[in-house]
Amino acid sequence: MYNTIIIGAGAAGLMCAIEAGKRGRKVLVLEHAEKIGKKILISGGGRCNFTNLDAKPENFLSNNPHFCKSALARYTPQDFISLIEKHGIKYHEKKLGQLFCDGSAKEIVQMLQQECVGAGVEIKVDCTVNEIKKNEGFDIKTTIGVFTSESLVIATGGISIPQMGATDLGYKIAKQFGLKLTRTVPGLVPFVLADETYSELSGLSVDSVVTCNGMSFRENILYTHKGLSGPAILQISSYWNDGDEVTIDLLPGTDVEQLINEHKQNKTELVNILAKFFPKRFAEKWCEQNFTSKPANRISEKEITAIGEMLHGWKVIPKGTEGFGKAEVTKGGIDTNELSSKTMESKKVSGLYFIGEVVDVTGWLGGYNFQWAWASGFAAGQYV
Ligand SMILES: Cc1cc2nc3c(=O)[nH]c(=O)nc-3n(C[C@H](O)[C@H](O)[C@H](O)COP(=O)(O)OP(=O)(O)OC[C@H]3O[C@@H](n4cnc5c(N)ncnc54)[C@H](O)[C@@H]3O)c2cc1C
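Residues numbered from 1 in each chain as written. Predicted model: local features only at pLDDT ≥ 70, side-chain atom pairs only at ≥ 80, totals over all residues.

Concerning the pairing of strand β1 (residues 2-7)
Let me state the cut-off plainly: The burial label depends on the number of other C-beta atoms within 10 Å of a residue's C-beta. Counts of 20 or more mean buried, 12 or fewer mean exposed, and intermediate counts mean partly exposed, with C-beta atoms placed from the backbone. In DSSP terms, a helix is any run of H or I states spanning at least four residues, a strand is any run of E spanning at least two, and both are numbered starting from the N terminus. By the convention used here, strands pair only if DSSP detects at least 2 bridges between them. Crossover handedness is defined by viewing with both strands directed away from the observer: a clockwise path from the first strand over the helix to the second marks the crossover as right-handed.
Most of β1 is tucked away, with five of its six residues classed as buried. Sheet topology note: the β1/strand β10 (residues 145-154) ladder contains five bridges and is parallel. Note on β10: the bridge partner recorded for I7 is I154. In this sheet, strand β2 (residues 27-30) lies alongside β1 in parallel orientation, the contact comprising four bridges. Note that in β2 the partner of I7 across the bridge is L30. Taking the sense of rotation as the criterion, the β-α-β connection linking β1, helix α1 (residues 11-22) and β2 turns out right-handed.

The structure is reproduced here in structure tokens:
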């Protein structure tokens, strides 16, 4: 008999286990993969962007944008930084408040494992959950036996990257207990474009402002074989719905009219003017598709205006996204109306908790999703 069983040894589950263990609770973590923290290991290109210095509730998407506030306020980026400093893990800010390990994401997993050991947490890997029954507490039937606990925490994450072991068990458990879910869609995911000619630009990236549904992000966009990716595109993808138009300013902050006029005297070709700002291959393709290059002195005022509008307001309607197989996160999940924002416990089923990505709280790209995992895991860890 355990005080609490946590399903999922990822970021949220391990943080919850540590906190509950430190309170003297008897904690068991069940993980179906062969090792813990697999998503942490691949995160941030292997260096784990473990938090963001500027993490605020505004950086998270949810049907209820207020839900995340309480947990985020009680476990801040500074709290996680203190933890990694205690373990002597070296880190740096890459850009925009994003903190990465200097070494490798392995250090974060090792740290969580050591903390679990210190807090007396038991972890079982290679364990598949087959059935859950609720009576006084919870009976959890698994491939390695039946375990019972007073409370049960679901920390199974989202369904993105199924090849890494992501499953929909969390959503199934929610349904079993009559909890509502919001629609789950891929988030932080590349776009697929109908126009395949852009694949010629694959590998090129351009500093841009990308806008959709009232949100804008300024970062690089990256041309891919299938369409568009890069940080600005991943960010906006979480705000995009099927059929929505995305506007891309390819030359943010540059006055195109002034730029072309400046080159009129020396008769510079448009393609060469653009090549000062973009990779040459991009400038050539842009002219081929939008405006046949000619010397600046032969471009009329009307044409200059049109060129400016095209460069500042490229309109794209993506055909779709690259789906859960390429998405960094799952947007949507357990409806936050079902949970207490203080404890993460179900309002309907006492003793049942949901934390991390399985909940309908999705962060921006840049360490925000881990901060939500730590914060929601910490919150539940105080009560389970
Ligand atoms: C490629 C990639 C890179 C990323 N990089 C970053 C980054 O740098 N910074 C950032 O903030 N976010 C990043 N993310 C997002 C981040 O990894 C997740 O939001 C975060 O891991 C969610 O934590 P979690 O504990 O809720 O879920 P997870 O970390 O996914 O953990 C869930 C755990 O549950 C286990 N599980 C699933 N189903 C079952 C089952 N049926 N039975 C038992 N166990 C089960 C899984 O194996 C896993 O161990 C990245 C995501 C991806 C895919």
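Let's talk about helix α12 (residues 368-381)
To keep things clear, this is the line we draw: The span expected for a helix works out to 1.5 Å for each residue beyond the first.
For α12, with 14 residues, the first-to-last C-alpha span of 20 Å sits near the 20 Å given by 1.5 Å per residue. Counting buried positions along α12 yields 14 of 14 residues, so the element is predominantly enclosed.

Looking at the nonpolar core
Operational definition: In this usage, the nonpolar core is the set of buried Ala, Val, Leu, Ile, Met, Phe, Trp, Tyr and Cys residues whose C-beta atoms join them within 7 Å. For the purposes of this description, domain bounds are those given by an automatic or database domain assignment. For every residue pair, C-beta atoms are placed from the backbone, and the pair is scored as a contact if these atoms sit within 7 Å.
In terms of nonpolar packing, the biggest core is built from 112 residues, with I5, C16, A17, V153 and I355 touching the most fellow members. When we break this core down by domain, the ones giving at least three residues each are domain 1 (2-185 + 327-381) and domain 2 (191-321). When residues no more than four places from it in sequence are discounted, the contact partners of V153 are T4, I6, G13, C16, Y353, I355, A380 and V384.

Here we look at the packing of α1 against α12
The cut-off we apply is this: Here an axis means a line fitted to C-alpha atoms, over the contact stretch when the element is a helix, while the angle between two N-to-C directions is reported on a 0 to 180 degree scale. When the near helix sits turned anticlockwise from the far one by under a right angle, the crossing is termed left-handed; a clockwise turn instead gives a right-handed crossing.
Viewed as axis vectors pointing N to C, α1 and α12 meet at an angle of 30°, and their least axial separation amounts to 7 Å. Considering the relative orientation of α1 and α12, their crossing is right-handed. Taken together, the residues of α12 that come into contact with α1 (itself represented by A11, A12, G13, M15, C16, I18, E19 and A20) are F370, A373, W374, S376, G377, F378, A380 and G381.

Structural notes on the sheet that holds strand β5 (residues 91-93)
Pairing is antiparallel across the open sheet formed by three strands, whose spatial order is β3-β6-β5. With one partner strand each, in any of the chains shown, β3 (49-52) and β5 form the two edges of the open sheet. Between one strand and the next, the sheet's axes are offset by a mean angle of 25°, whatever the strand orientation. The pairing of β5 with strand β6 (residues 98-101) spans three bridges and is antiparallel. Bridge pairing links Y91 to C101 in β6. In this fold helix α4 (residues 77-86) packs onto β3 and β5, with an angle of close to 140° to the strand it touches most, β3.

Overview of the domain arrangement of the protein chain
Test applied: Ten residues, namely Ala, Val, Leu, Ile, Met, Phe, Trp, Tyr, Cys and Pro, are considered nonpolar, four, namely Asp, Glu, Lys and Arg, are considered charged, and the remaining ones, Gly among them, are considered polar.
According to the domain assignment, the protein chain contains domain 1 (2-185 + 327-381) and domain 2 (191-321). In this complex, domain 1 contributes six residues to the contact, which on the side of domain 2 involves four residues. Within the side of domain 1 that touches domain 2, the residues separate by chemical class into three nonpolar, one polar and two charged.

Some thoughts on the site of the ligand
Note the threshold: We call a residue near a molecule or strand when its C-beta atom, built from the backbone, sits within 6 Å of it.
The full set close to the ligand counts 38 residues, and G8, G10, G44, G157 and G356 are the nearest of them. The dominant element in the shell around the ligand, judged by the number of residues it contributes, is α12, at four residues. Counted by class, the shell around the ligand contains 18 nonpolar, 15 polar and five charged residues.

A word on helix α5 (residues 106-118)
Relative to the 18 Å expected for 13 residues at 1.5 Å per residue, α5 spans 18 Å between its end C-alpha atoms, a close match to the ideal helical length. Along α5, the positions that sit buried rather than exposed are E107, I108, V109, M111, L112, E115 and C116. Buried residues belonging to α5 abut α1, α2 (38-42), β3, α4, β6 and β7 (122-124). One or two positions beyond α5, positive phi appears at G120, with a value near 70°.

Overview of the sheet that holds strand β14 (residues 215-223)
The strand order across the open sheet formed by seven strands is β17-β16-β13-β14-β15-β12-β18, and the pairing between neighbours is antiparallel. Looking at which strands have only one partner, the edges of the open sheet turn out to be β17 (314-316) and β18 (320-321). Sheet analysis places strand β12 (residues 191-192) next to strand β15 (residues 227-229), joined by two bridges and oriented antiparallel. In the sheet register, V192 faces β15, and the bridge partner there is G227.

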